[in-house]
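Read off the chains here:
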Amino acid sequence: MRTLAAEASKLASLPSVWIALAAGVLVPSVIAGITASATLGAITRGAKTLAGVDTGYQELAFGVVGVIILGVVGISSEYFTESAESGGGRQVTTSLTAVPSRLRFLLAKISTIAITSALLAITAAATTMGVVQVVLGERAPALGADDVPRLVGVVCYWVYTALLAFGITVLTRHGVIPLAVLIANTSVVTVTYLLTKITPLANYLPDMAGVRMFIRKLADNTVEISPLTGGLVMTAWVTVLLVIAAIAFTRRDA
Amino acid sequence: MITIENLVKRRGSKEILTGISFQGRPGRVTGFLGPNGAGKSSTLRILLGLDRATSGTALIGSVPFVWLPDPLRTVGAMLDGSGAHRARTGQAHLRWVARSAGLPRARVDEVLEIVGLTNAASKRVGSYSMGMGRRLGLATALLGDPEILILDEPVNGLDPDGIRWMRTFLRERAASGRTVLLSSHLMGELAETVDDVVIINEGKVMADGTLDEVTGSYRTLEDAFFALTTGGSL
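Rules of the game
All chains use their own residue numbering, which begins from 1 and follows the written sequence. Written order decides the labels, with chains lettered from A and ligands numbered from 1. In keeping with the predicted nature of the model, local features appear solely for residues at pLDDT of at least 70, side-chain atom pairs appear and are counted solely at 80 or more, and the whole-chain, interface and lining totals rest on all residues. Side-chain measures here rest on the full set of heavy atoms in the structure, leaving out hydrogens and waters. Criterion used throughout: strands pair if DSSP finds at least two bridges between them. Here a strand is any run of E in DSSP of at least two residues, a helix any run of H or I of at least four, and the numbering for each starts at the N terminus. Every axis in this analysis is a line fitted to C-alpha atoms, fitted for helices over the stretch in contact. Angles between the N-to-C directions lie between 0 and 180 degrees. Relative orientations are named as follows: roughly parallel for angles under 35 degrees, roughly antiparallel for angles over 145 degrees, roughly perpendicular for angles from 65 to 115 degrees, and oblique for any other angle. The hand of a helix crossing depends on one turn: near helix anticlockwise from the far one by less than a right angle means left-handed, and clockwise means right-handed. Contact between two residues is taken to exist if any of their heavy atoms lie within 4.5 Å; hydrogens are not considered. Under this grouping Gly is polar, as are all residues other than the nonpolar Ala, Val, Leu, Ile, Met, Phe, Trp, Tyr, Cys and Pro and the charged Asp, Glu, Lys and Arg. Accessible-area loss on putting two parts together, using a 1.4 Å probe and summing over both, is the definition of buried area adopted here. By convention in these notes, a salt bridge is any Lys or Arg side-chain nitrogen within 4 Å of a carboxyl oxygen on Asp or Glu. We call two N or O atoms a polar contact when they sit within 3.5 Å, provided that within protein one can donate a hydrogen and the other can accept it, with sequence-adjacent residues counted only if both atoms are side-chain atoms. The classification of residues rests on relative accessible area computed with a 1.4 Å probe and restricted to protein chains. Under 20% of the type maximum is buried, over 50% is exposed, and intermediate values are partly exposed. Lining residues are defined by having an atom within 4 Å of a point belonging to a cavity or pocket. Those points lie on a 1 Å grid over the protein atoms alone, cavities being sets where a 1.4 Å probe fits but cannot get out and pockets being open sets with protein on both sides within 12 Å along at least five of seven lines. Grid points are joined across faces, edges and corners, and a volume is the space filled by probe spheres set on the points.

1. Some details on the sheet that holds strand β5 (residues 75–78) of chain B
All names here are of chain B.
- The mixed open sheet is built from six strands, whose spatial order is β5-β6-β7-β3-β8-β9. Both edges of this open sheet fall to β5 and β9 (204–210), since each of them pairs with a single strand only. When strand polarity is set aside, the average angle formed by the axes of neighbouring strands in this sheet is 10°.
- Sheet topology places strand β8 (residues 196–201) next to β9; six bridges connect them, and they run antiparallel. Looking at the pairing, Val198 lines up with Asp208 of β9.

2. Here we look at the packing of helix α5 (residues 91–98) of chain A against helix α3 (residues 90–100) of chain B
- Relative orientation of the contacting elements α5(A) and α3(B) amounts to 25°, with a least axis distance of 9 Å. Here α5(A) lies roughly parallel to α3(B), going by the angle between them. α5(A) and α3(B) meet at a crossing whose hand is right-handed. Where α5(A) approaches α3(B), its residues Gln91(A), Thr94(A), Ser95(A) and Ala98(A) are matched on the opposing element by His93(B), Trp96(B), Val97(B) and Ser100(B).
- Looking at the contact of α5(A) with α3(B) residue by residue, the class counts come to three nonpolar, five polar and no charged.

3. Digging into the interface of chain B and chain A
- Every contact between the two is made by 38 residues of chain B and, on the other side, 31 residues of chain A.
- When the area that chain B buries against chain A is broken down by residue, the three leading residues are Leu50(B), Arg88(B) and Trp96(B), summing to 23%.
- Summed over the shared surface of chain B and chain A, the result is three salt bridges.
- For Asp70(B), the salt bridge is made with Arg2(A), and the minimal N-O distance between the two is 3.9 Å.
- Linking chain B to chain A there are 13 residue pairs in polar contact (both at pLDDT 80 or more).
- For the side of chain B that touches chain A, the secondary structure elements donating two or more residues are β1 (2–11), α2 (71–74), α3 and α5 (130–142) of chain B.
- If you tally residues by element for the side of chain B that touches chain A, the top one is α3(B), at seven residues.
- Broken down by class, the residue content of the side of chain B that touches chain A amounts to 16 nonpolar, nine polar and 13 charged.

4. Thoughts on the environment of Gln23(B)
All names here are of chain B.
- Examined against the element boundaries, Gln23 turns out to sit in strand β2 (residues 14–24).
- A relative accessible area of 27% places Gln23 in the partly exposed class.
- Taking the C-alpha atoms as reference points, Gln23 and Gly209, separated by 186 residues in sequence, lie 9.8 Å from one another.
- Those residues in contact with Gln23, other than ones at most four positions away along the chain, are Met1, Ile2, Thr3 and Thr30.
- Among the polar contacts made by the side chain of Gln23, one reaches the side chain of Arg25 at a distance of 3.3 Å.

5. Here's the deal with the pattern of salt bridges
- Taken as a whole, this structure holds 20 salt bridges over all chains when the rule is applied.
- For Asp51(B), the salt bridge is made with Arg45(B), and the minimal N-O distance between the two is 3.1 Å.
- Judged by its relative accessible area of 7%, Asp51(B) is buried.
- Look at the salt bridges and you will find they share partners, linking Asp253(A), Lys9(B), Arg11(B), Arg45(B) and Asp51(B) into a network.

6. A few points about the layout of surface pockets
Residues and elements named next belong to chain A.
- Of the voids in this model, the largest pocket is the one considered here, and its volume is about 670 Å³.
- If you go around the largest pocket, you meet 30 residues; those closest to its centre are Tyr157, Asn185, Thr192, Asp207 and Met208.
- Broken down by secondary-structure element, the contributors of at least two residues to the lining of the largest pocket are α3 (57–62), α7 (147–172), α8 (176–186), α9 (191–198), α10 (206–210) and α11 (227–251).
- Counted by class, the lining of the largest pocket contains 22 nonpolar, six polar and two charged residues.

Remember that the coordinates give geometry; whether it matters functionally is a separate question.
Below is the structure:
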């Protein structure tokens, strides 16, 4: 419990974590605002009759940038090396002399990041769906009982994405590369999406499978994966990665 | 009591430590001295459970550091730099460490006062000078008011005032019956601080004894050190 409190305190006192939280709420909400007003324009022009079934959800799929930052800096901050003039120290030495059990330390980190990501996902989903409702008004797709499992899917997807980013960074011990690759993959160059054009197997990559938990229609994709299967596939990826990360972390020199 | 026995550390094909043994006793300041790259930090990192020894043991009391039920209240450690993330304030850094050991918040203010950082407590660690960073590192080590202090190059980066302060401080800790183990490559600064001396070079202990024993027939500890580390014998 103390270890968990210490990890929460670490996260809360890191400026980049606040940037991550702000990005987590703003990115999907703002994009949802822009696309919703474009949709509204199309509907009033008569080019479209209805807002799509994935309105809001699509934006929440892209909005994981916040939890990616969270997962990466949650561990890369431990390995950030001070300048040589300041003595070249790293926080991880302080962390592991305060909490010598590596497994306990890692579990506390994983828990804090998972809880924070879940809270962030709930907040982001509420604001994003709120923006959609406000902009589209009565033309917005009605939120009903069907949306409960989909929104749970969004929360799972965000938590898992944060843990994937975390697990990769435990292995690299450096934040820049995982941050750049993972953010690019959700926005500029969606490598995993492009791979699905080459092989249907790419649909089982963690992010492609994970979005099935709440996205109903993927553009130009005929592979059917149920929300449950998608969730299980992503769970498997995350579990395997975290186990590998834990083995590496407990065995290597800090 | 710190007991290091036959510590061997290999990295790749290189043997960094080739059977290090020595003790740090309560009520005494033990100086672990050697040139840069001699294996001082590696030894301390193994003692603190940060690195794994290829063979040999390093014990705090009778157990390895990682088995201590309440490490922060038993051992205070300071390694390179401040050991804090530069974006955090000094106070925020101490608070999370205190939280990990269930120490009260008031203790954070106490240690800031002890090391003279009260006024810089709400500044980011990135804006600290090296000396301030070292003080923060020491404040972290002191949080749990531990029986044992393990300090890697504690006077590095300190100004003359700071060095003098550190000396007095460590002498007082030892006088109250606690164990202090410090490493350094600076001999002159330490002759007045340490009771026992362990000299290490290229991963081997070259001399181990009281300050007088190690200084022996040489004029100063520094002379003894250079004689021992550049091929001479005691």
